[in-house]
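Structure assessment
Each chain, written out:
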There are 2 protein chains.
Amino acid sequence: MPHTLNQTHDPAARSWLESANVPSVDFPIQNLPFSVFRRKHSDEAFRGAVAIGDQLVDISAWASYAGLRETAREAAKACSQPVLNTFFSMGPSSWSALRHALFEALHEHASSHDRAAIKACLVPLSEVEYGLPAQIGDYTDFYTSIHHATNISKLLGLSGVSPNFKSIPIAYHGRVSSIGPSGQRFRRPAGQIMLPGAETPTFSPSLKLDYELELGIYIGQGNAAGEPIELDRADSHVFGLCLLNDWSARDIQAWEMQPLGPFLAKNFATTVSPWIVTLEALAPFRLASPRPDSDGRPLAYLDSNENSATGAIDIQLEVWMETARHRAGNLPASQLSRTSFKYQYWTIAQMIAHHAIGGCNLRPGDLLGSGTISGPVKSEAGALMELASNGSAPVTLSTGEKRSYVEDGDAIILRGYCQKPGFARIGFGESRGEVLPSKV
Amino acid sequence: MPHTLNQTHDPAARSWLESANVPSVDFPIQNLPFSVFRRKHSDEAFRGAVAIGDQLVDISAWASYAGLRETAREAAKACSQPVLNTFFSMGPSSWSALRHALFEALHEHASSHDRAAIKACLVPLSEVEYGLPAQIGDYTDFYTSIHHATNISKLLGLSGVSPNFKSIPIAYHGRVSSIGPSGQRFRRPAGQIMLPGAETPTFSPSLKLDYELELGIYIGQGNAAGEPIELDRADSHVFGLCLLNDWSARDIQAWEMQPLGPFLAKNFATTVSPWIVTLEALAPFRLASPRPDSDGRPLAYLDSNENSATGAIDIQLEVWMETARHRAGNLPASQLSRTSFKYQYWTIAQMIAHHAIGGCNLRPGDLLGSGTISGPVKSEAGALMELASNGSAPVTLSTGEKRSYVEDGDAIILRGYCQKPGFARIGFGESRGEVLPSKV
């Protein structure tokens, strides 16, 4: 699927809504990400929205505007539902039609009719709360950062990354029920832990609670069971991306994961950012895949014929920690690390082609996690286990506090954005999750 | 949760529907399992049903009967939906109320009004097709047969079962989208395989396609995130059980599963029987858990205070294979093995208590697989890999054909029932799945 640039990528485009034109804003007119929302403290139904500046457009209100053309109107109706699965299932031409109609109506040269209609549908972001934008049928978590895999292998004293890493976009099935939108607060998990030197496990709250910086990938159109997805068409099955924190209890994981993989270590909470940034908005930031030729060609179903810039995406990512002391002192959160999605060994298209190659059917609204995103140097690590070397080199925060792992009351905030000269900034907003004390 | 016997367990109870009184029938009046159905080749909506003899009761038709008391009527209304999640969420008192009302109306001493009303709602089983009885939010597959774990360890040349096996009811998250009801037909999966002696993987249809005999456990009422389920109340969260075939591609699994567990090896198809047998119907067949005292007490959250017969369930299980040659010759299928669920090392209650102990929330309609059910001797193995010793000792069928693994055109049929003197037979019907050739 070619990622040609179109009018929505024009960096000179401006909105009549001034808050969308601030250079540092996450949601300029070139972005237009989707979510579902309702007014805070209300019992309204959740419904679809697009973010613009410091406002959102209530699509359910806009869907009845007589100025909408048919494809955009049908898409807007689907977007009025409490979850966006139906909208996702309509495919790239419907997604684009709605996004382009919004672009035109929000543009500084919009007709007065268009402008008035959409103005009546604006709601300030400060007044809303978010739901999960899709009913997620299945959640799959990948493991596609070679830097993360290398770091973890060293910390566990292994001889190197798993021998299949360079052949397979490794993945496992995750838990859907505990995925929550930004703002998620959850109790520290408890479970079986094998303490150093012990011969039998202890039941305890996790002593090694960690986060994992990931991107979430929402499937748009799915595939039928037994019908694989070709690599070169795989991107057309992606609706868009969000930020994802795959909370992990390292000590519970170490004892439970043989032989069948992580279970309780990762099923107590997963936090996603509410806004889904479309692949169309991200098109200017595509890069070639960083997988080196020296690693050999992958098997044909993972091997792209073209050597085009449809592989990686340069999404800059940051992890921040906010402790009780930050909040008490009204201090800004401490940055833990920053990296980019461009380092990921396998591309999104390769993850999808692999997922479907054996006959597994993907459905609209399925969520894929990229796996922890770590860059080549230590300050670019996507998990605290890596940054603090499994507790042997605790991280010092701007408050003077030290952290080997995440403590009660700590919040982890993920942020992401694309930015480069000649293009508007495309932001993701944030994913925020906070740890409450264990009950046991 | 005590498993006291009640009127529905009376072996002397008979129905006015004669087909329910045949001694070998799976669905006597003492069973009354639930499913969803519609007439074959129709575009009717799926809706809830209870099986009786060679018929089913269309609950959506019966729900409007004026003779129903309130709790049963509300339950029947919930049962009229295309999936039974709402009914599951109502809890044991509602499930019992509906089941007991059906028992009374189907009993030979039923009033003529009751009898006439329900007679109008009967549909022959031969005229229907089944859907999945619940919208499954998450599917978790356990690994709780010590005999299966021991067999697999030996075949893989390992020194013994995983060291955590006797401490943890091991589990991993499975794929929901590819679960299908009995009758499922699917293409042989293809994927990456590391052939013996090779240094790089090959892309190929699986050469080691296997089945796994399991029971499926449907969650009735769930739990809130962060609120564990106590062991002694865990059974009250179970709506009922079905048969489950966890199709597995052993060669794809061997190469992909390090470090995070099986993925494509198990996400192409999972086949469940349509009828869900309630724990209430199974109460007469409860046994003490077989976990030996010599293995030590499990951690407190897995350790029952009472030493009552609420642990295991003696469900007799059979695996049958039907090949193209059976069908061409109109021959009965060949039995591959038979065993019992009573051998399982961990109980259903322990699986559920473990699942929720770290804070994970279960939801109505979630499905748990028991893991492969193998008994202590080889003829009781629940997978062909065990029966045929990973291809070194192929199984001979009644047709004279040999099988190391499942071949194209083969169907695997699972059957299950409880039977003992002094009680009616409680049957599960069957789960049937058939392998089609790979497209690649």
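All figures in this text were calculated on a predicted structure; none of them were measured in a lab.

Basis of the calculations
- Residues numbered from 1 in each chain as written.
- Chains lettered and ligands numbered in written order.
- Predicted model: local features only at pLDDT ≥ 70, side-chain atom pairs only at ≥ 80, totals over all residues.
- Heavy atoms only, no water.
- Helix = DSSP H or I, 4+ residues; strand = E, 2+ residues; numbered from the N terminus.
- Buried < 20%, exposed > 50% of the residue type's maximum accessible area, 1.4 Å probe, protein only.
- Areas by Shrake-Rupley, 256 points an atom, 1.4 Å probe, with all protein chains shown as cover.
- Lys, Arg positive; Asp, Glu negative; His and termini not counted.
- Charge placed at Lys NZ, Arg CZ, Asp CG, Glu CD.
- Least-squares fit on C-alpha atoms with pLDDT ≥ 70 in both.
- Core = buried A, V, L, I, M, F, W, Y, C linked by side-chain atoms within 4.5 Å.
- Contact = heavy atoms within 4.5 Å.
- Buried area = accessible area lost by both parts, 1.4 Å probe.
- Salt bridge = Lys/Arg side-chain N within 4 Å of Asp/Glu carboxyl O.
- Polar contact = N/O pair within 3.5 Å; in protein donor to acceptor, adjacent residues only side chain to side chain.
- UniProt positions renumbered as here; feature names shortened; annotations may be inferred.

1. Notes on the overall build of chain A
- For chain A, the helix and strand inventory stands at eleven helices and 26 strands.
- Overall size of chain A, expressed as C-alpha extent along the three principal axes, is 75 × 55 × 40 Å.
- In chain A, which comprises 440 residues, the share counted as buried stands at 62%.
- Here chain A has roughly 15700 Å² of accessible surface; of this, 52% comes from carbon and sulfur atoms.
- Charged side chains of chain A number 37 positive and 44 negative; the gap between the two group centres comes to 4 Å.

2. Remarks on the relation of the copies chain B and chain A
- Between chain B and chain A, which share one sequence, the superposing operator has a rotation angle of 180° and an axial displacement of 0.0 Å; the RMSD is 0.0 Å. Taken together, the rotation and translation relating the two chain copies correspond to the operation of a two-fold axis. Taking C-alpha positions as the reference, the residue of chain B nearest the rotation axis is G261(B), at 2.1 Å.

3. Details of the nonpolar core
- Grouped together as the largest cluster of nonpolar side chains are 146 residues, with contacts concentrated most on L241(A), L282(A), I315(A), L241(B), L282(B) and I315(B).
- Setting aside residues no more than four positions away along its own chain, L282(B) makes contact with L241(B), V277(B), I313(B), I315(B), C418(B), I426(B) and F428(B).

4. A look at the interface of chain B and chain A
- Counting from both sides, the interface comprises 53 residues of chain B and, opposite them, 53 residues of chain A.
- Buried area between chain B and chain A, both sides added, is near 5000 Å², and the carbon and sulfur share of it is 58%.
- On the chain B side of the interface with chain A, the three residues burying the most area are H173(B), L260(B) and F263(B), jointly 16% of the side's total.
- There are six salt bridges connecting chain B and chain A.
- Note that D366(A) is salt-bridged to R175(B), the shortest N-O span being 2.7 Å.
- For the pair chain B and chain A, the interface holds 27 residue pairs in polar contact (both at pLDDT 80 or more).
- Among the secondary structure elements, those contributing two or more residues to the side of chain B that touches chain A are β7 (171-173), β10 (190-193), β11 (202-205), α7 (250-256) and α10 (348-357) of chain B.

5. Some thoughts on the side chain of D251(A)
All names here are of chain A.
- Mapped onto the fold, D251 is located in helix α7 (residues 250-256).
- It is K208 that comes nearest to the buried, bridge-free D251 among opposite-charge side chains, at 6.7 Å.
- Excluding residues that lie within four positions of it along the chain, D251 makes contacts with Q192, I193, S206, L207 and K208.

6. A closer look at the pattern of salt bridges
- This model, assessed by the stated rule, comprises 62 salt bridges over all chains.
- Between R403(B) and E401(B) there is a salt bridge whose closest N-O contact spans 3.6 Å.
- Beyond isolated ion pairs, a larger network of salt bridges with shared partners links R39(A), E44(A), R47(A), D58(A) and E127(A).

7. Side note on the UniProt feature "binding site: substrate" (unreviewed entry) in chain A
Residue and element names in this part refer to chain A.
- UniProt annotation of "binding site: substrate" (unreviewed entry) refers to Y143, Q253 and T372 when read in the numbering used here.
- Mapped onto the elements, Y143 comes out in the loop between β6 (139-142) and α6 (146-155).
- The class for Y143 is buried, based on a relative accessible area of 14%.
- Among the structural elements, Q253 can be located in helix α7.
- In contact with Q253, other than residues within four places in its own chain, are S248, P262, A265 and K266.

8. Topic: the UniProt feature "domain: Fumarylacetoacetase N-terminal" (unreviewed entry) in chain A
- Feature annotation in UniProt places "domain: Fumarylacetoacetase N-terminal" (unreviewed entry) on residues 30-133 of chain A, given in this structure's numbering.
- Its end C-alpha atoms 21 Å apart, residues 30-133 of chain A is made of 39% helix and 21% strand.

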